[in-house]
Amino acid sequence: MRFETGMLVVHPVYGVCKVEHIGPVDVKLDKSQRSFYRLAPVYDSKSKLFVPVDGENFDLRPVMTKQSAEELVSQIPTVEPVKITNEKDRERIFKEMLHTGDHRDTIRVIKTIYKRRQDRMRAGKKNMSMDEKYLSIARDRLNGELAVALGIEKSGVDAYISDMLER
């Protein structure tokens, strides 16, 4: 899919970005004259990304629509946590699931970590730093895109989800 200047897209690592410019990179070392998207992450005003227009090695996609966001939120209760049988695979599984770009996978990671956090607290154990790292990544990506799609502040996404699920 080709994107236009001004569009909002989702980068697999940096989340929601605005396409600021499309064209060759103005760098003396780049002689290829390939076209790149210059992206500005919406939630990181200091960063700029350059992604090849031909899509090589990057999976940019459009931001979900408001309708898709509302449907996704309504489906949260039906999304099952991940069943991890070997704890040594936990990090690899989380990485793979977050890299798919599938919102349901992101929700599964979040629900898995929340459940594990509750289980560990009941057992008098501390939370695992790796779990907290992936929970932060998953929530940041999901909340960032939901905020843009729904036209609300990122900080208000958790309250929006709670409100919608209580109805």
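Everything below is about the structure shown above.
In what follows, the accompanying structure is described. Predicted model, so just to flag it, every value in this text is computed and none were measured. (Residues numbered from 1 in each chain as written. Predicted model: local features only at pLDDT ≥ 70, side-chain atom pairs only at ≥ 80, totals over all residues. Heavy atoms only, no water.)

Let us look at the sheet that holds strand β5 (residues 61-62). As summarised here, the arrangement of the five strands in space is β4-β3-β2-β1-β5, forming an open sheet in which the pairing is antiparallel. Both edges of this open sheet fall to β4 (49-52) and β5, since each of them pairs with a single strand only. Note: strand β1 (residues 8-11) against strand β2 (residues 15-24), four bridges, orientation antiparallel. The partner of Leu8 across the bridge, within β2, is Lys18. Sheet contacts for helix α4 (residues 129-150): β1, β2 and β5; angle to β2, the most-contacted strand, approximately 80°. (Pairing = 2+ DSSP bridges. Helix = DSSP H or I, 4+ residues; strand = E, 2+ residues; numbered from the N terminus. Contact = heavy atoms within 4.5 Å. Axes fitted to C-alpha atoms, helices over the stretch in contact; angles between N-to-C directions.)

Glancing now at the environment of Glu87. Within the secondary structure, Glu87 sits in the loop between α1 (66-75) and α2 (90-99). Judged by relative accessible area, which is 43%, Glu87 ranks as partly exposed. In terms of polar contacts, Glu87 uses its side chain to reach the side chain of Arg90, at 2.8 Å. (Buried < 20%, exposed > 50% of the residue type's maximum accessible area, 1.4 Å probe, protein only. Polar contact = N/O pair within 3.5 Å; in protein donor to acceptor, adjacent residues only side chain to side chain.)

For the rest of this paragraph, the subject is the side chain of Asn143. Checked against the element boundaries, Asn143 lands in helix α4. If we skip the residues at most four places from it in the chain, Asn143 touches Lys154, Val157 and Asp158.

Before going further, it helps to examine the packing of α1 against α4. Packing of α1 against α4 brings their axes to within 8 Å, and their N-to-C directions diverge by 130°. Here α4 runs oblique to α1, going by the angle between their axes. The two elements α1 and α4 cross, and the hand of that crossing is left-handed. Contacts between α1 and α4 involve Lys66, Ala69, Glu70, Leu72 and Val73 from the former and Leu142, Leu146, Ala149 and Leu150 from the latter. Grouping the amino acids of the contact of α1 with α4 by side-chain chemistry returns seven nonpolar, no polar and two charged. (Parallel < 35°, antiparallel > 145°, perpendicular 65-115°, else oblique. Left-handed = near helix turned anticlockwise from the far one by under 90°. Nonpolar A, V, L, I, M, F, W, Y, C, P; charged D, E, K, R; others polar.)

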